[in-house]
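# Tertiary structure, described
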Amino acid sequence: MQIIRYGIMGTAKIATRFVSAVRDSEGGEVVALASREEGKALQRAKELGISRVYGSYEALLEDPEVDVIYVPSINAMHYSHAKMALEKGKAVLCEKPMTLSARETAELFHLAEHRGVFLMEAQKCVFLPVTQAVKELVGRGTLGTVRHLEYNIAIPHVGFQWFYEKKAGGGLLQGNGTYLLSHAMELLEEEMEDGQALATLGDTGVDLQCTLQFRTASGVLIRGFMTTLTEGNSYMRITGDQGMVEIPDFWKAREAKVQLRGKESDTLSFPVDHEMVYEVNHVNACLRQGKAKSEVMSPERSMRIAEIVETLITSFSPE
Ligand SMILES: NC(=O)c1ccc[n+]([C@@H]2O[C@H](COP(=O)([O-])OP(=O)(O)OC[C@H]3O[C@@H](n4cnc5c(N)ncnc54)[C@H](OP(=O)(O)O)[C@@H]3O)[C@@H](O)[C@H]2O)c1
């Protein structure tokens with residue numbers, strides 16, 4: 001089996017989980033890590049057990065033994081970092097949100113297409129077996145006609161500074177709204193209208209609390225609530241006229257509770273150590289097959305998400 005060799009651009013916190021997932025994946029290996037500061041790179045690579053270290057992102061991109069670059073920088077830098085990598089002919093797995101605008105996201109996909117290299121937005125929730133199992137139930141009509149989806153995300157007291165900086169791409173809609181959108185799109189495979197949002201903005205102008213509503217082409221209603229301001233349960237629920245499924249922590253879920261009309265409830269269970277492993281397996285498989293895009297987390301889907309998020313953010317935070 002061809003080993004897919006990952007290089008990580010930056011010392012982000014999320015890299016810890018990503019490296020564990022790659023190590024658990026089928027034929028994936030993290031071979032190098034770079035930081036804008038060599039000292040940081042050395043320290044992080046030691047923590048993560050990565051042998052090749054670079055003191056600049058540019059140097060990482062010159063490494064011929066790196067097949068794919070993982071971009072986990074702050075949201076506002078995804079565009080320029082992914083672009084640098086694509087221009088060097090490297091495949092890219094870019095953390096969500098892919099960029100902060102529809103134009104930038106489209107530009108990256110055009111560049112990837114032009115260079116014939118793989119580019120995908122990292123939306124791990126789409127690849128989870130729980131998501132796929134629920135999608136299958138929906139497809140088989142087990143829930144009857146699906147009528148609505150409900151999402152609740154509570155992440156009280158976000159501890160990292162750039163979340164509160166608008167220029168850095170902070171705020172809930174950029175951070176977590178894209179999980180909700182990619183998840184709903186995967187479950188329903190339907191066109192979604194632009195939707196509406198209301199937000200509670202913090203002093204720095206980012207959305208600390210947000211309600212969202214959408215309608216799909218067939219009339220399914222989708223409602224979301226996200227908050228950093230209070231405690232609460234995080235879950236999604238999909239309801240049809242014959243039953244309902246609830247997925248706690250849907251973006252990293254191992255379980256779903258199925259309640260069909262007139263039947264005992266049932267639990268779907270998919271235990272796993274590192275939930276990012278499924279998206280990594282998908283990237284590994286795409287690269288082995290020489291694909292330049294994912295058919296699951298497709299360019300069209302990422303571009304639509306970027307359009308929706310941009311429209312909604314502009315609606316509640318115009319400048
Ligand atoms: N999929 C998931 O489960 C998941 C979970 C959490 C976060 N995320 C995403 O992962 C990304 C990273 O999140 P995180 O919380 O891990 O971030 P973080 O710890 O704050 O790290 C961000 C990294 O960005 C790099 N960076 C590059 N240019 C920068 C600049 N101009 N200013 C500041 N930092 C810069 C830094 O690396 P160097 O200084 O070493 O160069 C830094 O370590 C975000 O896009 C987030 O949305 C995904």
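Cut-offs and rules
- Residues numbered from 1 in each chain as written.
- Predicted model: local features only at pLDDT ≥ 70, side-chain atom pairs only at ≥ 80, totals over all residues.
- Heavy atoms only, no water.
- UniProt positions renumbered as here; feature names shortened; annotations may be inferred.
- Domains from an automatic or database assignment.
- Salt bridge = Lys/Arg side-chain N within 4 Å of Asp/Glu carboxyl O.
- Polar contact = N/O pair within 3.5 Å; in protein donor to acceptor, adjacent residues only side chain to side chain.
- Helix = DSSP H or I, 4+ residues; strand = E, 2+ residues; numbered from the N terminus.
- Nonpolar A, V, L, I, M, F, W, Y, C, P; charged D, E, K, R; others polar.
- Core = buried A, V, L, I, M, F, W, Y, C linked by side-chain atoms within 4.5 Å.
- Buried < 20%, exposed > 50% of the residue type's maximum accessible area, 1.4 Å probe, protein only.
- Contact = heavy atoms within 4.5 Å.
- Near = heavy atom within 4 Å.
- Areas by Shrake-Rupley, 256 points an atom, 1.4 Å probe, with all protein chains shown as cover.
- Pairing = 2+ DSSP bridges.
- Axes fitted to C-alpha atoms, helices over the stretch in contact; angles between N-to-C directions.

Per an unreviewed UniProt entry, the recorded name for the protein is Gfo/Idh/MocA family oxidoreductase, and the organism is Proteiniclasticum sediminis. The record in UniProt for the protein states the following under Sequence similarities (unreviewed entry): "Belongs to the Gfo/Idh/MocA family."

## Some words on the domain arrangement of the protein
For the protein, the assigned domains read domain 1 (4-122 + 277-298) and domain 2 (126-272). The centre of domain 1, based on its C-alpha atoms, is set 26 Å off from the matching centre of domain 2. Run the count over domain 1 and domain 2 and you get zero salt bridges. Between the two partners, domain 1 and domain 2, sit three residue pairs in polar contact (both at pLDDT 80 or more). Of all the secondary structure elements, the ones that give two or more residues to the side of domain 1 that touches domain 2 are β6 (119-122) and α9 (277-288). At four residues, α9 tops the list of elements feeding residues into the side of domain 1 that touches domain 2. When grouped by side-chain class, the residues that make up the side of domain 1 that touches domain 2 number nine nonpolar, four polar and four charged.

## Quick notes on the nonpolar core
Val134, Leu149 and Ile238 are the most contacted members of the largest nonpolar core, which totals 80 residues. Of the residues that make up this core, three or more belong to each of domain 1 (4-122 + 277-298) and domain 2 (126-272). Those residues within four positions of Leu149 in sequence are excluded, and the remaining contacts are Ala184, Leu187, Leu188, Val220, Leu221, Ile222, Arg223, Met236, Arg237 and Ile238. Within the second largest apolar cluster, 24 residues are counted, among which are Leu60, Leu61, Met98 and Leu108.

## Quick notes on the site of the ligand
The ligand sits among 23 residues. The nearest are Thr11, Lys40, Tyr57, Asn75 and Lys124. Here an oxygen atom of the ligand sits 2.9 Å away from a polar atom, N or O, in the main chain of Ile14. Ile74 has a polar backbone atom sitting 3.4 Å from an oxygen atom of the ligand. Protein contact buries 84% of the 920 Å² of open area that the ligand shows by itself. Across the shell around the ligand, the residue classes tally to nine nonpolar, seven polar and seven charged.

## Brief notes about the UniProt feature "domain: GFO/IDH/MocA-like oxidoreductase" (unreviewed entry) in the protein
Here, UniProt's "domain: GFO/IDH/MocA-like oxidoreductase" (unreviewed entry) annotation points to residues 132-246. Taken end to end, residues 132-246 is 23% helix and 36% strand, and its first and last C-alpha atoms sit 14 Å apart.

## Observations concerning the UniProt feature "domain: Gfo/Idh/MocA-like oxidoreductase N-terminal" (unreviewed entry) in the protein
The feature "domain: Gfo/Idh/MocA-like oxidoreductase N-terminal" (unreviewed entry), as given by UniProt, occupies residues 4-121 in the numbering adopted here. Structurally, residues 4-121 is divided into 42% helix and 24% strand, and its ends, taken at the C-alpha atoms, are 17 Å apart.

## Brief notes about the sheet that holds strand β9 (residues 207-215)
Spatially, eight strands are ordered β8-β9-β10-β7-β11-β12-β13-β14 in an open sheet, and the strand pairing comes out mixed. The open sheet has two edge strands, β8 (196-201) and β14 (266-269), and neither has a second partner. If you compare each strand with its neighbour and ignore which way they point, the axes differ by 10 degrees on average. Here helix α10 (residues 299-316) sits on the sheet and contacts β8 and β9; the angle it forms with β8, its principal contact strand, is near 55 degrees.

## Re the pattern of salt bridges
Evaluation of the coordinates by the stated rule reveals 20 salt bridges. Taking the shortest distance from any N to any O, the salt bridge between Lys124 and Glu275 comes out at 2.7 Å. Of the two residues, Lys124 sits in helix α6 (residues 124-127) while Glu275 sits in the loop between β14 and α9, which places them 151 residues apart along the sequence. On the basis of relative accessibility, which here comes to 5%, the residue Lys124 falls in the buried class.

## Quick word on the environment of Phe127
Checked against the element boundaries, Phe127 lands in helix α6. For Phe127, a relative accessible area of 11% translates into the label buried. Those residues within four positions of Phe127 in sequence are excluded, and the remaining contacts are Met120, Tyr278, Glu279, His282, Ser294, Val296 and Met297.

## Side note on the environment of Ile3
Looking at where Ile3 falls in the secondary structure, it is placed in the segment before β1 (4-9). Taking relative accessible area as the criterion, Ile3 reaches 39% and is therefore assigned partly exposed. Considering only alpha carbons, one finds Ile3 and Gly27, 24 residues apart in sequence, at a separation of 4.8 Å. Leave out the neighbours within four places in its chain, and Ile3 touches Gly27, Glu29 and Asp67.

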